[in-house]
Amino acid sequence: MMSSLFTFILVLQALVAAVMIGVILMQKSEGGGLGVGGSPAGLLSARGAADFMTRATTILATAFVALSIVLAAMASVGRSGSTIDTSLSKTAQPQTSGSSALTGAAPPAQGAPAGATPAVASDDPLAAAAAAASQEAAPAPAQAPPAKK
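These remarks concern the structure in this document.

**Observations concerning the overall build of the chain**
Stage number 1. Regarding its fold elements, the chain presents four helices and zero strands.
Stage number 2. Start at the N end of the chain and walk to the C end: the helices and strands fall as α-α-α-α.
Stage number 3. Taken over 149 residues, the chain has a buried fraction of 13%.
Stage number 4. The long-range fraction of contacts in the chain, counting pairs at least 24 apart against all pairs at least 6 apart in sequence, stands at 53%.

Dropping the structure here:
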């Protein structure tokens, strides 16, 4: 029920916005309105068109703001209390070595190659994956094209 009403008001606001854009673009920048010929007292006279366009713009702008407030109120009421997902938050790991706590480097793992660099603690959760990918991606030797027979 609430979502169909919300959708209806949202479509209504889009239509009001489109009509308001059209009305604003039809006005002269000096406030002359449509400026089309006709009787001086008629709707399409310069003064009558300006009054009509000004009133239409005011009404459409008021309707747009009112619909915006209603939509914002409906969106905030429709939401339940949100909870923060902490499953991906970093937890501080206890440091066993005093030197690695000062330098920010983790002690080398058991069985790691002698030339391997120790992992560096970083705020970026993807830094370790990027470092591993850059170490694995060695430039491939250029292959000669196959000989034609």
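Let's pick the thread back up.
**Focus: the side chain of Thr57**
Stage number 1. Positionally, Thr57 belongs in helix 2 (residues 46–78).
Stage number 2. A distance of 2.6 Å separates a polar atom in the side chain of Thr57 from a polar atom in the side chain of Gln27.
Stage number 3. Of the polar contacts made by the side chain of Thr57, one reaches the backbone oxygen of Met53; its length is 2.7 Å.
Stage number 4. The contacts of Thr57, once residues within four sequence positions are left out, are Val23, Ile24 and Gln27.

**Let's talk about a nonpolar patch on the surface**
Stage number 1. A contiguous nonpolar surface patch, about 270 Å² in accessible area, is contributed by Leu5, Phe8 and Leu12.
Stage number 2. Note on placement: Phe8 falls in helix 1 (residues 2–26).

**Considerations on the nonpolar core**
Stage number 1. Listed in full, the 10 residues of the largest apolar core are Ile9, Val16, Met20, Val23, Met53, Ala56, Leu60, Leu67, Leu71 and Met74.
Stage number 2. The set of elements that each furnish at least two residues to this core consists of helix 1 and helix 2.
Stage number 3. The dominant element in this core, judged by the number of residues it contributes, is helix 2, at six residues.

Cut-offs used in this document
- Residues numbered from 1 in each chain as written.
- Predicted model: local features only at pLDDT ≥ 70, side-chain atom pairs only at ≥ 80, totals over all residues.
- Heavy atoms only, no water.
- Helix = DSSP H or I, 4+ residues; strand = E, 2+ residues; numbered from the N terminus.
- Buried < 20%, exposed > 50% of the residue type's maximum accessible area, 1.4 Å probe, protein only.
- Contact = heavy atoms within 4.5 Å.
- Polar contact = N/O pair within 3.5 Å; in protein donor to acceptor, adjacent residues only side chain to side chain.
- Patch = residues over 30% accessible without salt bridge, like charges linked within 9 Å, V, L, I, M, F, W, Y side chains within 5 Å.
- Areas by Shrake-Rupley, 256 points an atom, 1.4 Å probe, with all protein chains shown as cover.
- Salt bridge = Lys/Arg side-chain N within 4 Å of Asp/Glu carboxyl O.
- Core = buried A, V, L, I, M, F, W, Y, C linked by side-chain atoms within 4.5 Å.

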